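A structural walkthrough
What follows is the residue order along each chain.
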Amino acid sequence: LLFREGELSAGLQALEEAVEREDGLPYDEPWGWMVPSRHALGALTADAARLHQERGDRAAAMALWARAMAVYSRDLELRPANVWALTGLARCFSARAIAVSQSEGCLQAAAARAAASDLAEAAALEAAAVEAGARSDGGPVKAACFCAMEAGAPPPAPLPAAPEPKRGQTQNGGAAGGGAAAAAEEEEKEDEEACCSAEPRS
């Protein structure tokens, strides 16, 4: 509910708490809680990344993609080859590859290598998800959770617009002129670091 109301951070924090409580449940077979909280957490973290990417906040988007991937990877450690986490992780790699390839301010060669690596990983995960879906009763799935926008869930309320800088000041609070140039240079540096953070692992 918090996420749908536009309170993205609060909504994700609530889901993280749900994951902690789920992990604290006594071991049981079948699972004591049949709908893993990580599927919702990963799906909505990925949705938040898409929203920030659409808004132009590449650094926040890249950080959220990484968080969503970590959530799905941990879920696959606990529940190997489950179609939900495989699908979610594949979509994260695919979406991040597109974001990297469209970003500005990166070294083109580094961005191309990162995007190619993510796309290859996404293809392998999609194939594994298809195989896992064929073995399950429900078959392939559209998204990691029905709460995801990919599954048809409504998007959250619009994110608040960035505050307009006061007259004579930059968005970072500095004076216009030389300060504006420095702020622009710093922002470009942050974009490059975020974009190229998806370098393929050795």
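Here the structure is a predicted model, which means the values were calculated and not measured.

A short note on the packing of helix α2 (residues 37-55) against helix α3 (residues 58-78)
Between α2 and α3, whose axes approach to 8 Å, the crossing angle comes to 165°. Between α2 and α3, the interaxial angle falls into the category roughly antiparallel. Between α2 and α3 lies a crossing whose hand is left-handed. Between α2 and α3, the contacting residues are R38, H39, L41, G42, A43, T45, A46, A48, A49, R50, H52 and Q53 on the first element and R58, A60, A61, L64, W65, R67, A68, V71, Y72, R74, D75 and L78 on the second. Tallied by class, residues from the contact of α2 with α3 come to 13 nonpolar, 5 polar and 6 charged.

Some thoughts on the layout of surface pockets
For the second largest pocket, the calculated volume is near 300 Å³. Contributing to the lining of the second largest pocket are 15 residues, with M34, V35, P36, H39 and W84 lying nearest its centre. Here the lining of the second largest pocket gets 3 residues from one element, more than from any other, and that element is α2. For the lining of the second largest pocket, the class distribution of residues is 11 nonpolar, 3 polar and 1 charged.

Notes on the packing of aromatic side chains
According to the stated counting rule, one finds 1 aromatic pair in the structure shown. Ring centres of W84 and F146 lie 5.9 Å apart, and the angle between their planes is 70°; this geometry places the pair in the edge-to-face category. In this pair, W84 is assigned in helix α4 (residues 83-102) and F146 in the loop between α5 (108-135) and α6 (178-195), connecting sequence segments 62 residues apart.

Observations regarding helix α1 (residues 8-23)
The end-to-end C-alpha distance of α1, which contains 16 residues, comes to 23 Å, matching closely the 22 Å that a straight helix rising 1.5 Å per residue would cover. Restricting attention to buried positions, one finds in α1 the residues L8, G11, L12, L15, V19 and E22. Buried residues of α1, viewed axially, fall in a sector of 95°; they line one side. Within α1, the exposed residues directed more than 90 degrees away from the buried face are S9, E20 and R21. Where α1 is buried, its residues contact α2 and α3.

Re the confidence of the model for the protein chain
For the protein chain, the mean per-residue pLDDT works out to 81, and 76% of the residues sit at or above 70. The model gives residues 169-185 a pLDDT under 50, and that stretch makes 15 contacts with residues more than four places away or in other chains.

What to know about unusual backbone geometry
With the exception of glycine, most residues fall at negative phi, and the peptide bonds are largely trans. Positive phi, close to 60°, is recorded for A81, a residue that is not glycine. The class of A81 is partly exposed, set by a relative accessible area of 39%.

Describing the side chain of T87
Among the structural elements, T87 can be located in helix α4. Among the residues examined, T87 registers a relative accessible area of 3% and is labelled buried. What T87 contacts, discounting residues up to four positions off in sequence, is A129, V141, K142 and A143.

Topic: the pattern of salt bridges
Inspection of the entire model under this criterion finds 11 salt bridges. Residue R79 pairs with E22 through a salt bridge whose shortest N-O separation is 3.0 Å. Of the two residues, R79 sits in the loop between α3 and α4 while E22 sits in helix α1, which places them 57 residues apart along the sequence. Take E22: its relative accessible area is 11%, and that puts it in the buried class. One salt-bridge network, held together by shared partners, links D47, R50, R91, E126 and E150.

A closer look at the nonpolar core
L12, W65, Y72, L89 and C92 are the most contacted members of the largest nonpolar core, which has 46 residues in total. For this core, the secondary-structure elements that each account for two or more residues are α1, α2, α3, α4 and α5. Of the residues forming this core, the biggest block, 11 residues, is contributed by α4. Not counting residues up to four positions away in its chain, the partners in contact with C92 are A46, W65, A68, M69 and Y72.

What counts, and where the lines are drawn
Residues numbered from 1 in each chain as written. Predicted model: local features only at pLDDT ≥ 70, side-chain atom pairs only at ≥ 80, totals over all residues. Heavy atoms only, no water. Axes fitted to C-alpha atoms, helices over the stretch in contact; angles between N-to-C directions. Helix = DSSP H or I, 4+ residues; strand = E, 2+ residues; numbered from the N terminus. Parallel < 35°, antiparallel > 145°, perpendicular 65-115°, else oblique. Left-handed = near helix turned anticlockwise from the far one by under 90°. Contact = heavy atoms within 4.5 Å. Nonpolar A, V, L, I, M, F, W, Y, C, P; charged D, E, K, R; others polar. 1 Å grid on protein atoms, 1.4 Å probe; cavity = no way out; pocket = protein on both sides within 12 Å on 5 of 7 lines; lining within 4 Å. Points joined across faces, edges and corners; volume = space filled by probe spheres on them. Phe/Tyr/Trp six-rings, centres within 6.5 Å; stacked < 30°, edge-to-face > 60°. Expected span 1.5 Å × (residues − 1). Buried < 20%, exposed > 50% of the residue type's maximum accessible area, 1.4 Å probe, protein only. Arc of directions from axis to C-beta. pLDDT = per-residue confidence, 0-100. Salt bridge = Lys/Arg side-chain N within 4 Å of Asp/Glu carboxyl O. Core = buried A, V, L, I, M, F, W, Y, C linked by side-chain atoms within 4.5 Å.

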